[in-house]
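Here's the letter readout for the chains.
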Amino acid sequence: MPTATSTPTETATPTATEVPPPPPEISISDASVTEGDVGTRIMTFTVSLSASSGAEVRVDYATTNDTAVSGSDYNAASGQVVFASGETTKPVVITIRGDTLDEDNETFFVNLSNPSNATIVDPQGVGTITDDDASPTISINNVTVDEDAGTAMFIVTLSAASGRTVTVDYATANGTANAPSDYTVRSGTVTFTPGDTAEPIAITIVDDSLDEDNETFDVNLTNPSNATIADPQGVGTITDDDDLP
């Protein structure tokens with residue numbers, strides 16, 4: 001009787017479990033624009049995905065102030081960026097306001113939050129508003145006073161208000177009038193805070209009983225900061241009020 005041959009049993013090979021790809025990563029670019037003098041301009045940030053996704057991706061955005069202030073330098077904005085399947089870049093557009101104020105370059109932020117179907121790797125875009133306004137110029141007036149007036153008041157002026165702090169040094173100098181017999185020597189620094197356009201310099205005048213010609217002295221401006229000097233010298237004229245002998 002023939003012996004039965006046994007059939008070998010086949011062993012099933014286990015199937016490896018597929019690991020889903022990691023979610024894409026979201027980032028936002030920095031942006032800059034020159035502000036202009038009037039009207040508005042557009043600053044565009046780009047929100048990007050590291051890879052396209054088969055699912056819809058969403059992320060919220062909102063602006064926040066830094067040295068730039070919403071309402072005067074730019075228009076605040078917030079909302080949501082939506083990436084449809086296959087999309088990898090989306091713009092966020094912010095409106096910038098022009099002005100004629102000389103100032104430093106200013107910055108604000110666009111912040112990302114609350115992602116869905118993605119993770120955030122760069123949550124903040126920096127927006128730089130580049131100033132394009134010329135620095136103001138500084139001038140000083142001439143003053144005429146009677147010698148018994150007590151004070152000669154000079155006015156140092158800016159040609160336009162500035163968004164920066166402006167400074168300029170001053171010092172008196174003899175002409176035909178001499179210190180300390182005709183006036184009191186004075187020196188120092190004039191400081192214009194942002195928005196200020198005029199500052200006084202008071203020089204003390206010394207009265208006497210001597211009949212003499214009208215006399216003059218100078219107030220000289222030097223070393224300007226955040227401005228240029230258009231008129232560097234104010235002339236003070238002291239009018240004699242004494243009778244002939």
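Above this text sits the structure in question.
The sections below set out a description of the structure shown in this document. Note that the structure is a prediction, hence the values are computed from the model and not measured.

Conventions we followed
- Residues numbered from 1 in each chain as written.
- Predicted model: local features only at pLDDT ≥ 70, side-chain atom pairs only at ≥ 80, totals over all residues.
- Heavy atoms only, no water.
- Helix = DSSP H or I, 4+ residues; strand = E, 2+ residues; numbered from the N terminus.
- Buried < 20%, exposed > 50% of the residue type's maximum accessible area, 1.4 Å probe, protein only.
- Contact = heavy atoms within 4.5 Å.
- Salt bridge = Lys/Arg side-chain N within 4 Å of Asp/Glu carboxyl O.
- Phe/Tyr/Trp six-rings, centres within 6.5 Å; stacked < 30°, edge-to-face > 60°.

A few words on the environment of Ser52. Positionally, Ser52 belongs in the loop between β3 (40-49) and β4 (57-65). The class of Ser52 is partly exposed, set by a relative accessible area of 47%. Ser52 sits 27 residues away from Glu25 along the chain, and the two C-alpha atoms are 9.7 Å apart. If near-sequence neighbours (up to four positions away) are discounted, Ser52 is found in contact with Gly86, Glu87 and Thr88.

Attention now moves to the pattern of salt bridges. Throughout the structure, instances matching the rule amount to 4 salt bridges. The salt bridge involving Arg164 is made with Asp102; its shortest N-O contact spans 3.7 Å. With Arg164 in the loop between β12 (151-158) and β13 (166-174) and Asp102 in the loop between β6 (89-97) and β7 (106-116), this residue pair connects regions lying 62 residues apart in the sequence. We classify Asp102 as buried; its relative accessible area is 2%. The partner of Arg164 in a salt bridge is Asp104, with the nearest N and O atoms 3.4 Å apart. A residue pair is termed long-range when its members are at least 10 positions apart, and Arg164 in the loop between β12 and β13 and Asp104 in the loop between β6 and β7 qualify at 60 residues.

This model, assessed by the stated rule, comprises 4 aromatic pairs. Centroid distance Phe45 to Phe108: 6.0 Å. Interplanar angle 75 degrees. Geometry classified as edge-to-face. Highlighted residues: Phe45 in strand β3 and Phe108 in strand β7, separated in sequence by 63 residues. Within the aromatic cluster, the residues linked to one another by ring pairs are Phe45, Tyr74 and Phe108.

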